[in-house]
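The lines below spell out each chain.
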Amino acid sequence: MADNTNKYIPVSIEEVCDHLGYDPIEVEAEEGQATKRNIIRLIKFSNLYLQGVIGKNYPVEDERAKQIALLVISDLYDYRDLDSKNISNTTRKLLNDLEWQLKMEMKINGNK
């Protein structure tokens, strides 16, 4: 990719590309960069997910956190075009966790 700094946490675009089996240079060169935008969105999402399930100050450099992020990203990326009848059990669990996180945060913040 263009630079070696990781602007995203807990994983870099390169790490996600490696995990998904994409060439980072091809992703960067893609016209319109839809794949790159999807990857960035999922990296940001995985960070929010980890903050919700572990805590805002989770250890972003911990390999376990990185692996969880890669698994979340991979599962959501693989099932991004499918309808709700065909999503994996892992994705369904993620959705349930996120719903509970949002409900709890709303309750804590007084937004019932």
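So, a few notes on the structure that sits alongside this text. It should be emphasised that the depicted structure is a prediction, and the values quoted were computed from it without experimental measurement.

Before going further, it helps to spend a moment on the overall build of the protein. Within the protein one finds five helices and zero strands. The helix and strand sequence of the protein, counted from the amino end, reads α-α-α-α-α. Buried positions account for 35% of the 112 residues belonging to the protein. Working note: accessible area of the protein is about 7,600 Å², and carbon and sulfur atoms make up 52% of it.

This part covers the packing of helix 4 (residues 63–78) against helix 5 (residues 89–108). Two elements in contact, helix 4 and helix 5, have axes separated by 9 Å at closest approach and are oriented at 110°. The orientation of helix 4 relative to helix 5 falls into the category roughly perpendicular. On helix 5, the residues that touch Val72, Asp75 and Leu76 of helix 4 are Thr90, Thr91 and Leu94.

Glancing now at the packing of aromatic side chains. Applying the stated criterion to the full structure yields one aromatic pair. Taking the centre distance of 5.9 Å and the plane angle of 80° together, the rings of Tyr22 and Tyr77 count as edge-to-face. With Tyr22 in the loop between helix 1 (13–20) and helix 2 (24–29) and Tyr77 in helix 4, this residue pair connects regions lying 55 residues apart in the sequence. The aromatic ring of Trp100 is capped on one face by Lys103, whose charged end is 5.1 Å from the ring centroid.

Moving on: the packing of helix 1 against helix 3 (residues 34–53). Close contact between helix 1 and helix 3 brings their axes to 10 Å; oriented N to C, the two are set at 105°. Considering the angle they form, helix 1 stands roughly perpendicular to helix 3. Across the interface between the two elements, Ile13, Val16, Cys17 and Leu20 from helix 1 touch Lys36, Ile39, Ile40 and Ile43 from helix 3. Residue composition of the contact of helix 1 with helix 3, grouped by class: seven nonpolar, no polar and one charged.

To continue, consider unusual backbone geometry. Cis geometry is found at the peptide bond from Ile9 to Pro10, where omega equals 10°. Along the chain, Pro10 turns up in the segment before helix 1. Of note in the backbone geometry, Gln33 takes a positive phi value of approximately 55° without being a glycine. In this structure, Gln33 sits in the loop between helix 2 and helix 3.

The next subject is the nonpolar core. Val11, Ile13, Val16, Ile39, Ile43 and Ile73 are the most contacted members of the largest nonpolar core, which has 23 residues in total. At the level of secondary structure, the elements contributing two or more residues to this core comprise helix 1, helix 3, helix 4 and helix 5. No other element matches helix 4, which puts seven residues into this core.

Attention now goes to helix 1. Three or more residues of helix 1 are buried, namely Ile13, Val16, Cys17 and Leu20. What you see down the axis of helix 1 is that its buried residues fit within an arc of 100°, all on one side. On its buried face, helix 1 is in contact with helix 2, helix 3 and helix 4.

What counts, and at which threshold
- Residue positions are given per chain, counting from 1 as you read along its sequence in written order.
- It should be noted that, the model being predicted, local features are given only for residues of pLDDT at least 70 and side-chain atom pairs only at 80 or more, the latter also being counted only at that level, while totals for whole chains, interfaces and linings use all residues.
- Excluding hydrogens and water, the side-chain figures rest on all heavy atoms present in the structure.
- Each helix corresponds to a stretch of at least 4 residues labelled H or I by DSSP, and each strand to a stretch of at least 2 residues labelled E; elements are numbered beginning at the N terminus.
- Exposure is judged per residue with a 1.4 Å probe applied to protein chains only, and the accessible area is read against the type maximum: over 50% gives exposed, under 20% gives buried, and values in between give partly exposed.
- Only the protein chains shown count as cover for residues, and all accessible areas are computed by the Shrake-Rupley method using a 1.4 Å probe.
- Each axis is a line fitted through C-alpha atoms, and for a helix only the stretch in contact is used; angles between axes span 0 to 180 degrees, taken between their N-to-C directions.
- Angles below 35 degrees are treated as roughly parallel, those above 145 as roughly antiparallel, those between 65 and 115 as roughly perpendicular, and all remaining angles as oblique.
- Throughout, a residue-residue contact means that at least one pair of heavy atoms, one from each residue, lies within 4.5 Å.
- Each Phe, Tyr or Trp ring (for Trp, its six-membered ring) is paired with any other whose centre lies within 6.5 Å, and the angle between the two planes then decides the class: stacked below 30 degrees, edge-to-face above 60, tilted in between.
- The rule is short: NZ of Lys or CZ of Arg within 6 Å of the ring centre and within 35 degrees of the ring normal puts a charge over the ring.
- Any residue outside Ala, Val, Leu, Ile, Met, Phe, Trp, Tyr, Cys, Pro, Asp, Glu, Lys and Arg is labelled polar, Gly included; the first ten of those are nonpolar and the last four are charged.
- Nonpolar core, defined: a set of buried Ala, Val, Leu, Ile, Met, Phe, Trp, Tyr and Cys residues in which side-chain atoms within 4.5 Å join the residues together.
- Read the arc as the range of directions from the helix axis to the C-beta atoms.

Coordinates in, geometry out; function isn't part of it.
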